Amino acid sequence: MVAMELEILGMNFGCVLAALSDAKIPDKGCLLPLISKLLGYAIVAASTTVKLPQILKILKHGSVRGLSVASFELEVVGYTIALAYCVHKGLPFSAYGELAFLLIQAIILVGIIYYYSPPMGTKTWMKALLYCALAPTVLAGKIDPALFEVLYASQHAIFFFARVPQIWKNFTNKGTGELSFLTCFMNFAGSIVRVFTSIQEKTPLSVIMGSAISIVMNGTLLGQILLYQKPSPKKQKKED
């Protein structure tokens, strides 16, 4: 049977439906791109709530104990550069859409962390104003193409160093404070899936490398939460 033309949001269901109507298993060249697109949109949908557990945990306890402000600030910078690059490279939305939602949540998260931190000094205000001045230019792509490539290459280092202060703080405190397990787990799982979808979407190698770095760093944070978690009072009482 001739493959039907049934494309929705860049996803071709035609060849799959045609194979199934002939009682055949869809071939790999037809099935993998569809799975990749579905997973890509699933990541985008899930990203709308990735940082919500972290935000709610801070608001619930009214505390940013154990959280590294620098980690969250660098994350905002990294998401801004990555989003701008993907948009102006013309990549399909399913390959990067989560970056838009993650950036919005990251900015909200930094604002909340500032609120619950000691009074903001001049240095903090300067950083916030500098970001507000430069971010629109970067997101609009109004910078030299060569500089754009350099910026994108640097965002891998930015995401790496965005995790280092938090990892080190966890290590020195032998605890993870108000760090959210659910947010770290969703970041870790999303990075794994994004490597697969990036390969299928034939995105630049630098994009794939960024996801691979995220797997390592988010996996480390996840491991620290599991390592340093304290037993519940009930469990502790039973052991005693």
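The shown structure was predicted, so the numbers you read here are calculated from the model rather than taken from an experiment.

(A) Quick look at the overall build of the chain. Each helix and strand counted, the chain has 10 helices and 2 strands in total. Of the regular secondary structure in the chain, the N- to C-terminal order runs β-β-α-α-α-α-α-α-α-α-α-α. The 240 residues of the chain split such that 41% are buried. Counting contacts in the chain only where the partners sit at least 6 residues apart, residues at least 24 apart contribute 78% of the total. As displayed, the chain offers around 13300 Å² of accessible surface, 71% of which is attributable to carbon and sulfur atoms.

(B) Expanded view of the environment of L56. On the secondary structure map, L56 appears in helix α3 (residues 52-61). Overall, the relative accessible area of 48% leaves L56 in the partly exposed class.

(C) Inspection of the packing of helix α7 (residues 145-173) against helix α9 (residues 205-228) at higher detail. Two numbers describe how α7 lies on α9: the axes approach to 10 Å, and their chain directions differ by 5°. On the basis of the axis angle, α7 is roughly parallel to α9. Along its contact with α7, which presents Y152, H156, F160, R163, V164, Q166, I167, N170 and F171, the element α9 presents S206, V207, M209, G210, I213, M217, N218, T220, L221, Q224 and Y228. Taken together, the residues of the contact of α7 with α9 break down into 11 nonpolar, 8 polar and 1 charged.

(D) Inspection of the packing of helix α4 (residues 69-88) against α7 at higher detail. Packing of α4 against α7 brings their axes to within 8 Å, and their N-to-C directions diverge by 150°. By the angle between their directions, the pair α4 and α7 is classed as roughly antiparallel. In this structure, α4 meets α7 at a crossing whose hand is left-handed. Contact with α4, carried on its side by S71, F72, L74, E75, V77, G78, Y79, I81, A82, A84, Y85 and H88, involves F148, E149, L151, Y152, Q155, I158, F159, F161, A162, R163, P165 and Q166 of α7 and no other residues of that element.

(E) Representation of the packing of aromatic side chains within the structure. Under the definition given, this model contains 8 aromatic pairs. Arranged with centres 5.7 Å apart and planes meeting at 75°, the rings of F93 and Y96 form a pair that is edge-to-face. Residue classification places Y96 among the buried residues on the basis of a relative accessible area of 11%. An angle of 90° between the planes, with centres 5.0 Å apart, marks the rings of Y115 and Y116 as edge-to-face. Three or more aromatic residues joined by ring pairs form one cluster here, namely Y85, F148 and Y152. Sitting over the face of the ring of F171, K174 holds its NZ or CZ atom 4.0 Å from the ring centroid.

Conventions adopted
Residues numbered from 1 in each chain as written. Predicted model: local features only at pLDDT ≥ 70, side-chain atom pairs only at ≥ 80, totals over all residues. Heavy atoms only, no water. Helix = DSSP H or I, 4+ residues; strand = E, 2+ residues; numbered from the N terminus. Buried < 20%, exposed > 50% of the residue type's maximum accessible area, 1.4 Å probe, protein only. Contact = heavy atoms within 4.5 Å. Areas by Shrake-Rupley, 256 points an atom, 1.4 Å probe, with all protein chains shown as cover. Axes fitted to C-alpha atoms, helices over the stretch in contact; angles between N-to-C directions. Parallel < 35°, antiparallel > 145°, perpendicular 65-115°, else oblique. Nonpolar A, V, L, I, M, F, W, Y, C, P; charged D, E, K, R; others polar. Left-handed = near helix turned anticlockwise from the far one by under 90°. Phe/Tyr/Trp six-rings, centres within 6.5 Å; stacked < 30°, edge-to-face > 60°. Lys NZ or Arg CZ within 6 Å of the ring centre and 35° of its normal.

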